[in-house]
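Analysis of the macromolecular model
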Amino acid sequence: MALVTALRRLVRLREFAWRTAAVTSGSWPRTQSFSSGHLLRSDNKVTVHFFNRDGEKITVKGSPGDSLLDIVINEDLDFDGFGACEGTLACSTCHLIFEEETYKSLGPVTDEEMDMLDLAYGLSDTSRLGCQICLTKRMEGMVARVPESVADIRQSQDGS
Amino acid sequence: MLFSGLKVWTSRSLWIHRLHEGINGGGKARYSSCSPKVCIVGGGPAGFYTAQHLIKARPDVTVDIYERLPVPFGLVRFGVAPDHPEVKNVINTFTQTARHKRCSFYGNVNVGKDLSVTELQEAYHAVVLSYGAEGNRRMGVPGEDLSGVYSAKDFVGWYNGLPSCRELGPDLSCETAVILGQGNVALDVARVLLSPIDLLKKTDITQPALEVLEESRVRRVLIVGRRGPTQIAGTVKEVREMVNLPNTRPDMLASDFEGVKEALKDLPRPRKRLTELMLKTAMETPGEKEHERREKASRVWGLRFYRSPVEILADPERSSRMAGIRLAVNNLEGSGEEARAVLTGEMEDVSCGLIISSIGYKSLSIDPSVPFDSHRAIVPNNMGRIQEAPGLYCSGWLKTGPTGVIATTLNNSFDTVRSMLEDMDSGTLNTSAAKPGSQSINALLENRGVKPVTFSEWEKIDSEEVRRGAAIGKPREKLLTVEEMLQVAGK
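Residues numbered from 1 in each chain as written. Chains lettered and ligands numbered in written order. Predicted model: local features only at pLDDT ≥ 70, side-chain atom pairs only at ≥ 80, totals over all residues. Heavy atoms only, no water.

1. Side note on the overall build of chain A
Each helix and strand in chain A was counted, giving six helices and five strands. Listing every helix and strand of chain A by position from the N terminus yields α-α-β-β-α-β-α-α-β-β-α. Considering only contacts within chain A whose residues lie at least 6 apart along the sequence, 66% involve residues at least 24 apart. On chain A, roughly 7000 Å² of surface is accessible, and the fraction owed to carbon and sulfur atoms is 52%. (Helix = DSSP H or I, 4+ residues; strand = E, 2+ residues; numbered from the N terminus. Contact = heavy atoms within 4.5 Å. Areas by Shrake-Rupley, 256 points an atom, 1.4 Å probe, with all protein chains shown as cover.)

Structure representation (C-alpha cells):
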C-alpha cells in the first residue's frame with residue numbers, strides 16, 4: 001500500500017508542479033469533485049479551512065493519513081510556491097500557521113522540521129510545515145493560515 | 001483500489017490537458033501581435049521561478065530563457081550538494097515550466113558574448129537578468145594564488161561537474177584542510193571532504209571527484225570564521241549534518257564559546273537554536289552512546305571563531321605550494337548580527353595542506369550597457385526593476401547578492417514578476433508594439449554560428465546522464481564537457 005500511496009503522490013506532485021507553472025490563478029475549480037479519494041471514502045473525510053496569502057478562506061476536505069501538503073495538491077489550492085521540495089523536508093515553502101490550541105494538538109516537532117521552519121518567512125510560535133502534518137479525524141475543522149511573504153509585508157508598508 | 005485511483009488521476013490529467021489546450025490552443029498565433037514577450041537571462045532557479053510566475057500570472061505572456069551552458073538549472077545542478085537530492089526536487093517544477101507552450105529554453109547561448117543585452121531589449125518587451133553570481137570574492141591576502149588554495153566556488157563546481165572546473169584536480173594528500181568562511185557552502189565542502197565514501201557513491205557527485213575523494217588523506221577539517229558563534233552564516237540544518245556525520249567527531253575550542261550561553265536568551269529563535277546546537281556540541285559531555293561514536297571516529301571537524309586570514313604561508317621547500325595559514329585573532333565590537341571583527345594584533349599559524357576559501361560568491365557585470373554596482377556586486381534595483389533602465393529587470397542573486405536558500409530565491413523572483421506585472425498594468429512597461437522575440441534572436445544566433453540547445457535536446461542529455469548513472473548505482477552521471485553535452489544533444 002505504501003507503494004500505491006507513493007505512486008499516486010508522485011502523479012499528483014508532477015501534475016501539481018505542472019499546474020502551478022501553467023495556469024492563470026483563479027481559473028481552477030476549488031471543489032473536491034476531482035479528488036481521488038472523495039468518491040471512495042466520502043464518509044471518512046476531514047474538513048480543513050485554509051486562509052491563503054490574501055486572507056481568503058478556502059474550505060476543503062482530506063482523507064485521514066494525507067498530509068496538509070497532499071491536500072493542497074489534491075485540491076489544486078493556488079498557494080504560490082507551496083511545496084517546492086515536494087514534501088522532503090528540504091525547504092520551508094509549505095509553512096503554515098495554526099491557532100494555539102490546534103498547534104498544541106498537532107504533536108511533537110522533530111529537530112529537522114524545526115531546522116527548516118527556522119528558515120521560513122513569518123515564523124511564529126505556532127508554525128509547522130504542512131508536509132509533516134498528517135490528517136486525523138480529530139483534526140476536523142482545523143484552521144491553517146498560509147503566511148504572507150516578506151515581500152507582501154514590505155509592499156504594504158510602501159503603500160505600493 | 002490502485003486502479004480506480006489511478007483511473008481518476010488519468011482522466012483528471014486529460015481534463016486538465018483539455019482545459020489547458022482551451023486556454024492556450026493556438027496561443028502563440030493568437031497573441032503573436034500583442035502578447036508581451038519576456039526573456040530571461042540565466043536558466044538557474046531564479047530564472048525558472050521568474051518564468052513560472054510570469055506564465056501563471058498572465059495567460060498571454062511568452063517567456064524565453066537563455067542559458068550560457070547547454071544544460072539548465074544553474075546552481076541546483078552545479079551548486080546544491082550531491083548529498084542533498086531532496087533540494088533538487090525543484091527541478092521537477094522547473095521542467096514542467098520549461099515544457100509549457102509559452103516557455104522556451106535556449107541553452108548554449110552566452111548573453112554578453114553571443115548576444116548583447118541591447119539586442120535582447122530590441123527583440124523583447126522586457127528582459128530579466130537572473131544570471132546569478134559566477135565570480136567569487138577574493139580574500140585579498142598574500143599567498144592566495146599558491147597551489148593548494150582553492151575557491152569553494154571552484155571546488156564545488158569540480159565535484160558537481162561544472163565544465164569550467166573539470167580540471168581543477170585538487171590535491172587531497174594532506175591531513176588537515178582549512179576552510180575560510182562558515183556559510184552553508186563552507187559546510188557543504190567540509191561535509192563532502194569528510195563524508196564516508198559509501199554515502200557519496202550513491203549521489204550524483206562526478207565519478208572523477210569520487211575517485212579523488214576515495215584516495216583523500218584529509219582527516220581533519222577546520223572551518224574558520226571572522227566573528228563568533230552567534231554570527232555564523234551557516235544554517236542549523238547544515239551544522240546538524242556535521243554533528244551527525246558518521247565516522248567524525250567535533251573538535252571545538254571552549255574559549256570560542258565564552259559568554260555565549262549568557263547571550264542565548266536574547267537571540268531570535270533560529271539563531272538561538274543554531275547557537276544551542278553548537279554550544280551543546282562544543283561544551284556538553286556526551287552521553288555514553290555519543291561518547292562511543294566519537295571515540296571510534298577517524299575524522300575530525302571543528303569550527304574556529306574570531307580568526308581572519310592574514311597570509312597563506314608557502315612551503316619552505318616548495319615555494320609555489322602552500323603549507324599553512326596565518327590567522328589574526330579578532331575581538332568583536334558590538335553584538336548581534338551587526339557585530340564587527342576587530343584585530344587584536346595577536347597572530348596564530350595553522351599548518352595545513354589544503355585551503356578552501358568560501359567567503360562568498362560575487363555577481364559580475366556581463367554587459368556595459370547594464371547598470372552595475374561594483375562595490376556591492378549587484379545590479380542596482382528597486383524590487384527587481386533595474387534603476388534607470390526601463391524594460392530591464394533582475395531576479396535572484398544578481399538582485400540581492402549571493403545569500404539565501406531556495407525559498408529566498410523563489411520569493412525574490414516572484415517579487416520581480418510582481419513589479420513587472422504592475423509596470424505592464426500601469427503602462428510604464430509598454431507592451432503595445434509587437435516585438436519579434438525569439439524569431440529575430442534565433443536569426444542573429446544562426447548568423448553568428450551559435451547553436452542553441454532546446455529543452456527537448458536537454459532532455460536527451462538528461463536521459464543519457466540518468467542511463468550512465470543507473471549503470472553504476474547513481475541517480476545520474478553528469479556529462480563533464482560542453483562538447484559532449486552538445487554531441488549528445490545532437491548539435
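Picking up where we left off.
2. A few points about the packing of aromatic side chains
Residues and elements named next belong to chain B. Under the criterion given, the structure shown has 17 aromatic pairs over all chains. For the pair Phe73 and Trp458, a centre-to-centre distance of 5.7 Å together with 90 degrees between the ring planes defines the contact as edge-to-face. Remark: Trp458 occurs in helix α18 (residues 455-471) and Phe73 occurs in the loop between β2 (62-66) and α4 (74-78); sequence separation between them is 385 residues. Taking the relative accessible area as the measure of exposure, Trp458 reaches 4% and is therefore buried. Measuring from ring centre to ring centre gives 5.9 Å for Tyr361 and Trp397, while their planes differ by 80 degrees; the resulting arrangement is edge-to-face. On the criterion of sequence distance, the pair formed by Tyr361 in strand β15 (residues 361-362) and Trp397 in helix α15 (residues 397-400) is long-range, its members being 36 residues apart. Like Trp397, Tyr361 is buried. Taken together, the aromatic side chains of Phe48, Tyr49, Phe73, Phe94, Phe105, Phe414, Phe455 and Trp458 make up a single cluster linked through ring pairs. (Phe/Tyr/Trp six-rings, centres within 6.5 Å; stacked < 30°, edge-to-face > 60°. Buried < 20%, exposed > 50% of the residue type's maximum accessible area, 1.4 Å probe, protein only.)

3. A closer look at the UniProt feature "binding site: FAD" (unreviewed entry) in chain B
Residues and elements named next belong to chain B. Following the UniProt record, the feature "binding site: FAD" (unreviewed entry) maps to Ala46, Glu67, Leu75, Val111, Trp397, Gly404, Val405 and Ile406 here. Judged by maximum C-alpha separation, these annotated positions cover 361 residues in sequence and are scattered in space, the widest gap reaching 25.7 Å. Considering the arrangement of structural elements, one finds Ala46 in helix α3 (residues 45-57). You can call Ala46 buried: its relative accessible area is 8%. (UniProt positions renumbered as here; feature names shortened; annotations may be inferred.)

4. Some words on the confidence of the model for chain B
For chain B, per-residue confidence averages 92 on the pLDDT scale, and residues scoring 70 or more make up 93% of the total. Predicted as a complex, the structure gets a pTM of 0.87 and an ipTM equal to 0.85. (pLDDT = per-residue confidence, 0-100.)

5. Observations regarding the packing of helix α11 (residues 236-244) of chain B against helix α13 (residues 269-283) of chain B
Residue and element names in this part refer to chain B. Relative orientation of the contacting elements α11 and α13 amounts to 15 degrees, with a least axis distance of 9 Å. Between α11 and α13, the angle is such that the two are roughly parallel. For α11 against α13, the interelement crossing comes out left-handed. Together, Val236, Val239, Arg240 and Val243 of α11 and Arg273, Leu274, Leu277, Met278 and Thr281 of α13 make up the contact between the two elements. (Axes fitted to C-alpha atoms, helices over the stretch in contact; angles between N-to-C directions. Parallel < 35°, antiparallel > 145°, perpendicular 65-115°, else oblique. Left-handed = near helix turned anticlockwise from the far one by under 90°.)

6. Looking at α18 of chain B
The terminal C-alpha atoms of α18 of chain B lie 24 Å apart, and with 17 residues this matches the ideal 24 Å at 1.5 Å per residue to within 8%. In this fold, the buried residues of α18 of chain B make contact with α4, α5 (90-98), β3 (103-106) and α19 (482-489) of chain B. (Expected span 1.5 Å × (residues − 1).)

7. Brief notes about the sheet that holds strand β2 (residues 57-62) of chain A
Residue and element names in this part refer to chain A. Taken in spatial order, the five strands of this open sheet run β2-β1-β5-β3-β4, and their pairing is mixed. Edge positions in the open sheet fall to β2 and β4 (127-129), since each of these has one partner strand only. Looking at each pair of strands side by side, their axes are set apart by 35 degrees on average, direction ignored. Where strand β3 (residues 95-98) lies against strand β5 (residues 142-145), two bridges are found, and the strand directions are antiparallel. Residue pairing for β5: Phe98 is matched across the bridge by Ala144. (Pairing = 2+ DSSP bridges.)

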